[in-house]
Amino acid sequence: MSIQKNILKIITASILVFSINCYSQQLPENEVVVFGLDIAEDATPALVSRILKADENPISEIRFEKGTYHFYPDKGFEKFCYISNHGDLMINTPFPLFHMNNLVIDGQGSTFIFHGVMIPFLIEDSKNISVKNLSIDWYQSFHSEGLIVANDEANNTFDMQISNEYPYDIRNGQLFFIKEYYQHTIGQSILFDPKRKAISFDTETYTGITTKSKSEVTFNLDTINYKYEYDKRDVDNKDIGVENRVTVKEIKPGLLRVFGHTKKMPPVGHILSMKGQQGLNRVSPAFSVKHTNGFNALNVTVHHAGGMGIIAENSADIVLDNFNVTPSQGRMVSTTADATHFVGCRGKLELKNCTFENQLDDASNIHGTYQKIVDVLDDYRIGVRMGHHQQKAFVIGRPNDHLGFVRLSESFFPYKKSTIKSIEYINNRYQIITLNDKLPKDVKPGDLVENLDGYPDLLVKNCTIRNNRARGLLISNPVHTLIENNFFSTEMEALLMPVESGHWYESGNAANVVIKGNIFQDCQHGGKNRGVIRFDTDDDNKNIAFKNIEIIDNTFNQFDNLILEVTNVDGLVFKGNVITNSGTFPQLYPENPAIKVANSKNLIFNKNKYQGKVNPNLLITGDESMSDLKFK
């Protein structure tokens, strides 16, 4: 009997070993896929075909033989995309990276050139994705440039020369620039100084070109009633009651005369950058990253994109190292929106050794999202509304995330906290959140919610930020922020720390911020009367919004006076900083002090060196609570 049992065990073990061996032979190994220059004329179909087979034949690395590769939308993977701070539209991509894990994409020094409305890298619901050693550009840009060759203040016209790079047509006096798969009007515009290859000094005096005015004829518009909240800025609504003000006439091929601009005429020799209507001109970010844990970009250059260099949403542990946004092909403009942008991201967020220049918006914007409570459905459920039309379909969190209830008229900090049980997506504007705990007794429609877990531990180090429109860093991050050893030369604020609840609904209030060892060179040269570093809220009250700020050992070499605006701050140390006057440009606001303070407390100014143009006795101005504050 025991012999039979032993024989049975041997047979069973043999069958088991055989089964394991067979199974292991059937398991696919993660493949290193190498693409060569044979696909360079249009690399899209080969990539899409291989990536879509990754479920059955997994990929560990996609490697490119060094060269130049073109990508067209015609054979790209198609998907409708809601992308925060962009337009919502059907796009094509050669890299549909969905539910991918532990993937490396190595360009080995290659250049990727895109054609038309595409998202080069569309990354969703993935883990540990790395992209390295490549550059991204577009064959035709999503903006157009015109050289100002004449102006006539008396007749309110200016002339601009358009190069062959920017084909156009004129329809009933309206200028349209024609691209592959895309077109745009003058729309949003700003001046560049070609000698400096940067935004023109005091561009606010001349631009944007005033293309719109109120319609002369309307009938009964005020009788239209909306049961629910109505977003006048939405693409479908923003042109109601608005007509075109500016008209364009061709003087000869490539030479255009512009009529009807109401600001000062742009100066001869400067370049007007035009990117089309707001709400319609952000269609092709270079990277869209959603719901992804672990994304790394190393030695990546984005020369152009019709939107942002990277937009990341609800993701974690992101590192950009030597991720550069810089123009090519003699263009003044790199990306037509922010270089980088992060919404609801958590864990580690690092921007190291990067250059962000000539983009048409901020170098980086880091924030969460406020959503407005419109319904209190029962003891556990609320209905919430997306505030801005470019945040449609954004889901505020995941199960067990901590949700804060905010009433900004009373405090910039949550009056109650709870955790999310589930979120029911109804449509792109309305969702139902179910909580694990009962709702606060005093919760009411109009209150806001924010995800308290949707903020990162932020590092920005050894970066160069210059020559762009708008700000350097726009940060609403209450966790921890270190901004160290960077160079800033921006058209608006180098650093803006806001609480913003009335337009973009970008949540978060900066706390635990260290700004150390940076150089600020001639920031705010666009013409705005604002500080180089500014803390600001769009709710006009005296409540504390920002806490625990250190501004240490920085150099401010500015042409104008105002360095720092402190509003609604509790706890700020300004120490060891050097302030000089560069003399680069004439002062725009010589009446300003160096520092403005309001509604703040526990501020320390110590061991600073001032060599600017403000009277030393008038360096700081503030409200009554700050009357004894001294600059030291």
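For the structure itself, consult the block above.
Residues numbered from 1 in each chain as written. Predicted model: local features only at pLDDT ≥ 70, side-chain atom pairs only at ≥ 80, totals over all residues. Heavy atoms only, no water.

A closer look at the overall build of the protein chain
The following threshold applies: For helices the rule is a DSSP run of H or I covering at least 4 residues; for strands it is a run of E covering at least 2, with both sets numbered from the N terminus onward. The reference for a compact globule is 2.2 Å times residues^0.38; the radius of gyration itself is calculated from the C-alpha atoms. Throughout, a contact is declared for two residues whenever any of their heavy atoms are within 4.5 Å. For the accessible areas, the method is Shrake-Rupley and the probe is 1.4 Å, while residue cover comes only from the protein chains on display. His is not counted here, nor are the chain ends, while Lys and Arg score as positive and Asp and Glu score as negative. By convention, charge coordinates are those of NZ in Lys, CZ in Arg, CG in Asp, or CD in Glu.
For the protein chain, the helix and strand inventory stands at two helices and 54 strands. Computed over its C-alpha atoms, the radius of gyration of the protein chain comes to 27 Å, within 12% of the 26 Å expected for a compact globule of 632 residues. Taking the intrachain contacts of the protein chain between residues at least 6 apart in sequence as the baseline, contacts between residues at least 24 apart amount to 74%. Roughly 26,600 Å² of accessible area belongs to the protein chain as shown, and the carbon and sulfur atoms make up 49% of that amount. Distance between charge centres in the protein chain, computed from 65 positive and 74 negative side chains, equals 3 Å.

Here's the deal with the packing of aromatic side chains
Convention followed: What counts as a ring pair is set by centres within 6.5 Å for rings of Phe, Tyr and Trp (its six-membered ring), and what kind of pair is set by the plane angle: stacked under 30 degrees, edge-to-face over 60, tilted for all other angles. Categorising residues by exposure relies on relative accessible area from a 1.4 Å probe, with only protein chains included: less than 20% of the type maximum marks a residue as buried, more than 50% marks it as exposed, and the intermediate range marks it as partly exposed.
Across all of its chains, the model carries 31 aromatic pairs by this definition. When the ring of F605 is compared with that of F631, the centres are 6.1 Å apart and the planes differ by 40°; the resulting orientation is tilted. Pair noted here: F605 is in strand β52 (residues 601-606) and F631 is in the segment after β54 (620-622), with a separation of 26 residues, a long-range link. Each of the two residues, F605 as well as F631, counts as buried.

Considerations on a nonpolar patch on the surface
To keep things clear, this is the line we draw: Residues with no salt bridge and a relative accessible area higher than 30% make up the patches, which join like charges within 9 Å and nonpolar side chains (Val, Leu, Ile, Met, Phe, Trp, Tyr) within 5 Å. Definition used for salt bridges: Asp or Glu carboxyl oxygen within 4 Å of a side-chain nitrogen of Lys or Arg.
Together, L221, I224, Y226 and I240 make up an exposed nonpolar region whose accessible area comes to about 370 Å². Inspection of the secondary structure puts Y226 in the loop between β17 (212-214) and β18 (242-244).

What about the environment of L452?
Mapped onto the elements, L452 comes out in the loop between β35 (448-451) and β36 (456-461). Using a relative accessible area of 25% as the deciding quantity, one classes L452 as partly exposed. As a C-alpha pair, L452 and G368 span 84 residues in sequence and 8.4 Å in three-dimensional space. The contacts of L452, once residues within four sequence positions are left out, are H402, L403, G404, P414 and K417.

Considering the sheet that holds strand β31 (residues 381-386)
As a reminder, the rule being used: Should DSSP find at least two bridges between two strands, the strands are regarded as paired. Every angle, taken between N-to-C directions, lies between 0 and 180 degrees, and every axis is a line fitted to C-alpha atoms, over only the stretch in contact when it is a helix.
Reading around the barrel, the six strands line up as β30-β31-β34-β33-β32-β35 and close back on themselves, with antiparallel pairing between neighbours. Taking the axes of each pair of neighbouring strands and ignoring which way they run, one obtains an average angle of 45° across the sheet. As defined by bridge partners, strand β30 (residues 371-376) adjoins β31 across five bridges and the pair is classed as antiparallel. Within β31, the position partnered with D375 by the bridge is G383.

Let's talk about the nonpolar core
A general trend in soluble globular proteins is that nonpolar side chains are found buried together. As a reminder, the rule being used: Definition used in this section: a nonpolar core is a set of buried Ala, Val, Leu, Ile, Met, Phe, Trp, Tyr and Cys residues joined via side-chain atoms within 4.5 Å.
Ranked by size, the top nonpolar core spans 116 residues in total, and within it F121, F287, F295 and F323 carry the most contacts. Residue contributions to this core peak at five residues, all from strand β9 (residues 127-138). Filtering out sequence-adjacent residues up to four positions away, F295 remains in contact with I123, I129, V131, F287, V289, I310, A316, D317, I318, V319 and L320. In terms of nonpolar packing, the next biggest core, distinct from the first, is built from 18 residues, M160, I209, L256 and L272 among them.

Some points on helix α2 (residues 44-51)
Within the sequence span of α2, burial applies to T44, L47, V48, R50 and I51. Lining the buried residues of α2 we find β1 (31-35), β2 (59-64), β3 (68-71), β4 (77-81), β5 (89-93) and β6 (95-98).

What about the layout of surface pockets?
For clarity, the threshold we go by: Cavity: a set of points on a 1 Å grid over the protein atoms alone where a 1.4 Å probe fits but cannot get out. Pocket: an open set with protein on both sides within 12 Å along at least five of seven lines, its lining residues, like those of a cavity, having an atom within 4 Å of a point. Grid points are joined across faces, edges and corners, and a volume is the space filled by probe spheres set on the points. Each residue is assigned to one class: nonpolar for Ala, Val, Leu, Ile, Met, Phe, Trp, Tyr, Cys and Pro, charged for Asp, Glu, Lys and Arg, and polar for all the others, Gly among them.
Here the second largest pocket is characterised by a volume of approximately 310 Å³. Lining the second largest pocket we find 21 residues, and of these G87, D88, V235, G279 and L280 sit closest to its centre. Top element by residues in the lining of the second largest pocket is strand β14 (residues 182-184). It accounts for three residues. Split by residue class, the lining of the second largest pocket holds five nonpolar, eleven polar and five charged.

Observations regarding the environment of V532
For V532, the position within the fold is in the loop between β44 (519-521) and β45 (533-537). Sequence separation between V532 and E565 is 33 residues, and the spatial gap between their C-alpha atoms is 7.9 Å. Among residues more than four places away in sequence, those in contact with V532 are E493, A494, L495, F520, C523, Q524, F556, Q558, L562 and I563.

A closer look at the pairing of β1
Pairing between β1 and β2: five bridges, direction parallel. Among the inter-strand pairings, F35 is bridged to a residue of β2, identified as F64.

Describing the sheet that holds strand β21 (residues 271-274)
Backbone-to-backbone hydrogen bonds pair the strands of a sheet. The strands run either parallel or antiparallel. With antiparallel pairing, seven strands are arranged side by side in an open sheet as β16-β15-β21-β10-β11-β20-β19. Looking at the sheet topology across the chains shown, the edges are occupied by β16 (198-199) and β19 (247-252). Pairing of strand β11 (residues 157-162) with strand β20 (residues 255-259) involves five bridges; the strand directions are antiparallel. Note that in β20 the partner of Q161 across the bridge is L255.

What to know about the pattern of salt bridges
Tallied over the full model, the rule gives 30 salt bridges. Note that E410 is salt-bridged to R407, the shortest N-O span being 3.6 Å. Exposure remark for R407: the relative accessible area of 10% places this residue in the buried category. A salt bridge links R534 to D536; the nearest nitrogen and oxygen atoms lie 3.5 Å apart.

A few points about the environment of D317
Tracing the chain through its elements places D317 in strand β25 (residues 316-325). Given a relative accessible area of 37%, D317 falls into the partly exposed group. Distance in space between the C-alpha atoms of D317 and K127 is 9.9 Å, their sequence separation being 190 residues. Look past the residues within four positions of D317 in its chain and what remains in contact with it is G294, F295, R346, G347 and K348.

Structural notes on empty space enclosed by the protein
The method is simple in principle: a probe with the dimensions of a water molecule rolls over the atoms, and the space it marks as empty is what remains. Applying the stated rule across the entire model yields four cavities of 30 Å³ or more. Taken together, the residues of the lining of the largest cavity sort by class into five nonpolar, four polar and three charged.

Quick notes on unusual backbone geometry
In this structure, the amide linkage connecting T207 to the following residue, G208, adopts the cis form with an omega of 0°. Within the secondary structure, G208 sits in the loop between β16 and β17. Backbone geometry places K197, a non-glycine residue, at a positive phi of 50°. By secondary structure assignment, the location of K197 is in the loop between β15 (189-193) and β16. Judged by relative accessible area, which is 53%, K197 ranks as exposed. In the Ramachandran plot, D202 falls in the positive-phi region, its phi being about 60° despite a non-glycine side chain. Looking at the element boundaries, D202 is found in the loop between β16 and β17.

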